[in-house]
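Each chain is listed here by its residues.
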Amino acid sequence: MGRHDLPDITAAAVVFDWDGTAVPDRHSSAGAVRRRVERLCSLGVHVAVVSGTHVQNVDGQLRARPSGPGRLLLATNRGSELFEVEPGGPVLRERRWASPLEDAGLDKAAADLRQQLSAVGLHTDVVTRLNRRKIDLIPDPDWADPPKARLTELLVAVTRRLADAGLADLKDVVCRATSAAVGAGLADPRVTSDAKHVEIGLTDKSDAMRRLLRELWQVGVGPGLVIVVGDEFGSLGGAAGSDSFLLVSRARRATVVSVGAEPCGVPPGVTHLAGGPATFLALLDDQLARHRHRRVPGVDRDERWTITQAGDDPVRLRVLETLFTLGAGGLAVRGALDAPSVPVLRAAGVYHQQGSAQRLLPGPDWTHVRLRPRPKEVVQVLDLRTGVLLREERELADVGRPVRSLRFVSAARPGTMGLRVEAAAHRLAPGTVFRAPEGLPMAQGRVGGQRWARVASDLGGGMGAVAQQAVSQDGDLRCVERLVVVTSHRRRQPDLGLDAASDAVRHGFSPLLAAHRAAWARRWSSAGASLPDDPQLERALRFALFHLWGAIADADELAVGARGLSGPGYSGHVFWDADVFVLPAVATIDPAAARAMVRYRLHRLDPARARARAEGRHGARFPWESAASGDDVTPPTVRFGAEPTPVMSGRQEEHITAAVAWGVLREAAWGGRRLQPGSAELALLRDTARYWVSRCTVDADGAAHITGVVGPDEYHEAVDDNAFTNVMARWNLRAAAAAVSRRAASPDEARSWLALADALVDGLDASTGLYEQFRGYHALAPVLAADLAAPPYAADVLFGRQRIAATQVIKQPDVLMLHHLVPDEVAAGSLLPNLAYYGPRTSHGSSLSPAIMASLLARAGSPDEALSFLRMAAQIDLADAHGMSAAGLHLAAMGGAWQAVLMGFLGARVRSGTLLIDPVLPADWGSFEVRFRCLGHQLRVRVDRQSTEVNVEGRLRVGVGRRPPRSVTGTFVVDTTVGRRDSSRRGAEEAPCRT
């Protein structure tokens, strides 16, 4: 047997049967297996042994003591026990204990079967084991402990013995055993046979396999990355072979190999190599060789967790570069192929150039290799579960072996990145490790065996990278491996990270990848959504969370631009998107990163104060577009068609000042933190309130106005008394008055804020509950969005800015955003009339729009309509719905989609340190489950038509539906009828943003 006969997979885990697969019998030396197992574990490969015998037998032979990072698990006693091998030996992780009633049932079933067999002249013995009874069908000294090499001979002997007693075959005995077990009262009996015995038990190898798959899943290893090896997958005398129970449904993507004799053949999907333990050792050697030769690992191609794209359309490839961005720790690598359309490497907060031209600094490109000829068509697989990008060339006859590559940006070791590429040796050359980003100088050199490169910003900051490149040959296949460590600093040139790079090389690619997979698994265990009835949306939501995690970091401060780090769109500038769309989502998945986002704003309070002073006002005015310093970097004009058009947002979208204050309080509320006297947060609340005091004008009737602004609906500029701006300013004033201490503001000043808040006009018609979006809006041409085109569309682009400005068509929900952000500041019962009025007038020309509509419609008791908008929001980048994804991901849409699930469908909100939930289910969902962080606790909530189940790590006050809140720890279930929410209840319009 040659290596070409072995499975073509570089596995992350190997699961194997013991007797007959790894060793010929229980008396043989297992030293050869031990050495290979320990070496695989040192490379980060997880190894698991499955056996029907007890742990002393397996560990007594194997005696492996791996040092990791791969784990060694022993699933013994036919699935009743699970041990993990530590330096001191096996440690019990889980054991199934039979109850006294079950033990009595096992005894009775075995006795009944033995009596039936005795009645037809077949003498048997019964052996008692944990949770099972073994009926020895051939209690003959010659067959006391037969090796698996004699399996065929054993089967002939047993079959002859059964025939002499008038029994058809082993299947006949198995059927009798099953009937005896059911008759003895065993609810779920497991009956198996190894030819010599028929066993009646409470567990079998299927239980072992399911438990092992759960363990592997928790470290980021799915079934598609697993090799399963056994020797009895085929039937034995009509009965199922003992290893066939390893073929559970969850393992359907695993690579399954039999090394046994398999006298009756193997089931579909099992590769039969035969050869016994010698073949098994060859298989382990092949896995070790693959790691030694730096072969490209695979991914688990689970459709619920992977995004797969193929083709060579150059326009679509630019979009795919965006979609396949990998990021962690404030660094990201765009998913470029050979010739990137835009810079590949970026770091959060590291900017270059001045003024409105300021943009994220591109770093050294380390992803390029030389391929001749270049692949014509590539299949790309983004594995959301483990954060890796796999590429495979469709095999072409004229170039031999296809190109394969895998890359990752480590979630376990921030700044560490890895790449492997393999191809036919004549096609692949390593090439230069680093390439300079276009238009920028790059210093580079060597230190020992490492290459380094550095790109400097004219603002003082920079990015550095150190790489170790290795090339291997595996037959006619050449493999290139790069381990890279990237450093960055926003104000000075960073250290190169030579020590970190050396440490990464010492660890090696495979262990680093294993740690990265495990880190992603921990992320998904803490946050995510499961939608069993909606797999496409489930995957899209996972795609959104994947990229939110990829754009954030637990750092001193975190600048999150509108397109994250995935593309050049908006130059990496920070908008209100970060405060009201991304921040609330991040607070539920990574509270430390949400805190870093708040610090970005707090550190730029002084420039906001300076801008207010420069405009003759008080307090602090935050810029519409912010970057390095906190000065406004909004471009004065943009090309809109052939003519340059003034950009009014930088001058008139003043609602961002209140949005920044809202984000600060939102993060504190969900994090369960009280703002401390003298804190920067309270100073920000105070100074934003002071800004609104100086910005408002009060007429002779005592009414306060804000004039000449642009609201979230950017189709209408320089409007007066925009409801969104005025109500957000009113909220800001009231929140500041409620929160600031006497050190931050005098009682008289706080009272003046409250008086001004009460005086601000908001456009409400109390008789209808309808808010006028701005003064004079109702007098515009009453055109609905659908009168012009089918939403979503950019109305100003399609029909001209002036024409749209004369109509009631709006870009995104403006008034409705108030019901999302500050529902306590709008009139009770006003959500429904405003949804009915403004919904049809919205073109959804902004990527921010659909998610807000989804959240509000869910809260308003229309979950089916909400679901259609949630699907629209979740597909904005995956489907390139706006035609702009090539420039970067729409992070705010992703944050909004996650908010729609939590705040809309789950109805989650925080009030006074209590989590309140009030779920709804659309008709298409029978259930859903979400996992998230809130108030310092990890939560899992499952909702179906009959009940809501809440699991809390720790103790937390939780209220469900109309029930009063209660202090909860662990799991509790509330019987509810979940469907459409009663939108007449005040709670239907409440959101978790009030302090």
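Higher on the page you've got the structure.
What you are looking at is a predicted structure, and each value in this text was computed from that prediction instead of being measured.

**Quick word on the pattern of salt bridges**
And then number 1: Going through the model one piece at a time under the given rule, you end up with 80 salt bridges.
And then number 2: Where glutamate 681 meets arginine 595, a salt bridge forms, and the shortest distance between an N and an O atom there is 2.7 Å. One end of the pair, glutamate 681, is in helix H17 (residues 680-695); the other, arginine 595, is in helix H13 (residues 591-602), and 86 residues separate them in sequence.
And then number 3: With relative accessibility at 5%, the residue glutamate 681 sits in the buried group.
And then number 4: In this structure, aspartate 687 and arginine 609 form a salt bridge, with 2.5 Å as the shortest nitrogen-oxygen distance. You can see aspartate 687 sitting in helix H17 and its partner arginine 609 sitting in helix H14 (residues 605-614), a full 78 residues away along the chain.
And then number 5: The class for aspartate 687 is buried, based on a relative accessible area of 5%.
And then number 6: Linked by salt bridges that have partners in common, Asp8, Asp286, Arg290, Arg295, Arg301, Glu392, Arg404, Glu422 and Asp474 make up one network.

**A short note on the sheet that holds strand E16 (residues 345-347)**
And then number 1: Sheet architecture is open: three strands sit in the order E14-E15-E16, paired in antiparallel fashion. What marks the edges here is a single partner per strand, and that holds for strand E14 (326-328) and E16. Sheet twist, expressed as the average angle between the axes of neighbouring strands with direction ignored, equals 15°.
And then number 2: Pairing analysis gives three bridges linking E14 to strand E15 (residues 331-333), with the strands arranged antiparallel. Looking at E15, one finds that leucine 326 is bridged to valine 333.

**Here's the deal with the packing of helix H16 (residues 655-671) against H17**
And then number 1: The N-to-C vectors of H16 and H17 enclose an angle of 155°; their axes lie 10 Å apart at closest approach. Between H16 and H17, the crossing angle belongs to the class labelled roughly antiparallel. The two elements H16 and H17 meet at a crossing, and its hand is left-handed. Across from His655, Thr657, Ala658, Val660, Ala661, Val664 and Leu665 in H16, the residues of H17 making contact are Glu681, Leu684, Leu685, Thr688, Tyr691 and Trp692.

**Considerations on the state of the cysteines**
And then number 1: For the structure on display, the rule yields zero disulfides.
And then number 2: With no disulfide of its own, cysteine 175 has cysteine 264 as its nearest cysteine by sulfur position, at a separation of 16 Å.
And then number 3: With relative accessibility at 45%, the residue cysteine 264 sits in the partly exposed group.

**So, empty space enclosed by the protein**
And then number 1: Taken as a whole, this structure holds nine cavities of 30 Å³ or more when the rule is applied.
And then number 2: If you add up the space inside the largest cavity, you get close to 100 Å³.
And then number 3: Every residue lining the largest cavity is counted, 14 residues in all, and those nearest its centre are Ala11, His291, Ser510, Leu513 and Arg517.
And then number 4: A per-element tally of the lining of the largest cavity places helix H10 (residues 509-526) first, with five residues.
And then number 5: Of the residues belonging to the lining of the largest cavity, the class tally is eight nonpolar, four polar and two charged.

**Notes on the environment of glutamine 444**
And then number 1: Note that glutamine 444 resides in strand E25 (residues 443-447).
And then number 2: By relative accessible area, which is 46% here, glutamine 444 ends up partly exposed.
And then number 3: Separated by 371 residues in sequence, glutamine 444 and leucine 73 place their C-alpha atoms 46 Å apart.
And then number 4: Residue contacts for glutamine 444: discarding those within four places in its chain leaves Phe434, Trp452 and Ala453.

**Some thoughts on the packing of aromatic side chains**
And then number 1: What the rule picks out here adds up to 21 aromatic pairs.
And then number 2: Ring centres of phenylalanine 575 and tryptophan 624 lie 6.0 Å apart, and the angle between their planes is 90°; this geometry places the pair in the edge-to-face category. With phenylalanine 575 in the loop between helix H11 (535-551) and helix H12 (576-589) and tryptophan 624 in the loop between H14 and strand E30 (637-640), this residue pair connects regions lying 49 residues apart in the sequence.
And then number 3: With 5.9 Å between their ring centres and 75° between their planes, tryptophan 576 and phenylalanine 724 make a pair best called edge-to-face. Taken as a pair, tryptophan 576 in helix H12 and phenylalanine 724 in helix H18 (residues 723-739) lie far apart in primary sequence, 148 residues in all.
And then number 4: A residue is classified by how much of its surface remains accessible, and phenylalanine 724, at 1% relative accessible area, is buried.

**Topic: H17**
And then number 1: Between the first and last C-alpha of H17 there are 22 Å, a value that for 16 residues agrees with the 22 Å anticipated at 1.5 Å per step.
And then number 2: Taken across its 16 residues, H17 has 13 buried, putting it largely inside the fold.

**As for the pairing of strand E38 (residues 927-934)**
And then number 1: Counting buried positions along E38 yields seven of eight residues, so the element is predominantly enclosed.
And then number 2: One ladder, built from three bridges, connects strand E29 (residues 528-530) with E38; its direction is antiparallel. Note that in E38 the partner of alanine 529 across the bridge is valine 930.

**So, the sheet that holds strand E11 (residues 255-258)**
And then number 1: Pairing is mixed in the open sheet, where eight strands are placed in the order E5-E4-E3-E2-E1-E10-E11-E12. Lying at the two open borders of the sheet, with one neighbouring strand each, are strand E5 (89-95) and strand E12 (270-272). Taking the axes of each pair of neighbouring strands and ignoring which way they run, one obtains an average angle of 20° across the sheet.
And then number 2: As judged from the six bridges shared by strand E4 (residues 81-86) and E5, these two strands associate in the antiparallel manner.

Conventions and cut-offs
Throughout, residues of each chain are indexed from 1 in the direction in which the sequence is written. Owing to the predicted nature of the model, reporting of local features is limited to residues with pLDDT of at least 70; listing and counting of side-chain atom pairs is limited to 80 or more, with chain, interface and lining totals taken over all residues. Side-chain metrics in this entry use all non-hydrogen atoms of the structure; hydrogen atoms and water are not considered. What counts as a salt bridge is simple: a side-chain nitrogen of Lys or Arg found within 4 Å of a carboxyl oxygen of Asp or Glu. In DSSP terms, a helix is any run of H or I states spanning at least four residues, a strand is any run of E spanning at least two, and both are numbered starting from the N terminus. Partly exposed describes any residue whose relative accessible area lies between the buried limit of under 20% and the exposed limit of over 50%, with all areas from a 1.4 Å probe on protein chains only and scaled to the type maximum. Two strands are counted as paired when DSSP detects at least two bridges linking them. Axis angles are defined between N-to-C directions and span 0 to 180 degrees, where every axis is a line fitted to C-alpha atoms and, for a helix, only to the segment in contact. Relative orientations are named as follows: roughly parallel for angles under 35 degrees, roughly antiparallel for angles over 145 degrees, roughly perpendicular for angles from 65 to 115 degrees, and oblique for any other angle. Left-handed describes a crossing in which the near helix is turned anticlockwise from the far one by less than a right angle; the clockwise case is right-handed. Contacts between residues were defined by any pair of non-hydrogen atoms, one from each residue, lying within 4.5 Å. In this description, the term disulfide denotes a pair of cysteine sulfurs within 2.5 Å. A cavity, in this analysis, means grid points on a 1 Å lattice covering only the protein atoms where a 1.4 Å probe fits yet has no way out; a pocket is instead an open set bounded by protein on both sides within 12 Å along at least five of seven lines, and a residue lines either one if it has an atom within 4 Å of a point. Grid points are joined across faces, edges and corners, and a volume is the space filled by probe spheres set on the points. Classification convention: Asp, Glu, Lys, Arg as charged; Ala, Val, Leu, Ile, Met, Phe, Trp, Tyr, Cys, Pro as nonpolar; all other residues, Gly among them, as polar. Note on ring pairs: Phe, Tyr and Trp rings are taken, using the six-membered ring of Trp, and paired if centres are within 6.5 Å. Classes follow the plane angle, with under 30 degrees stacked, over 60 edge-to-face and the rest tilted. Here the expected length of a helix is defined as 1.5 Å per residue gap, with one fewer gap than residues.

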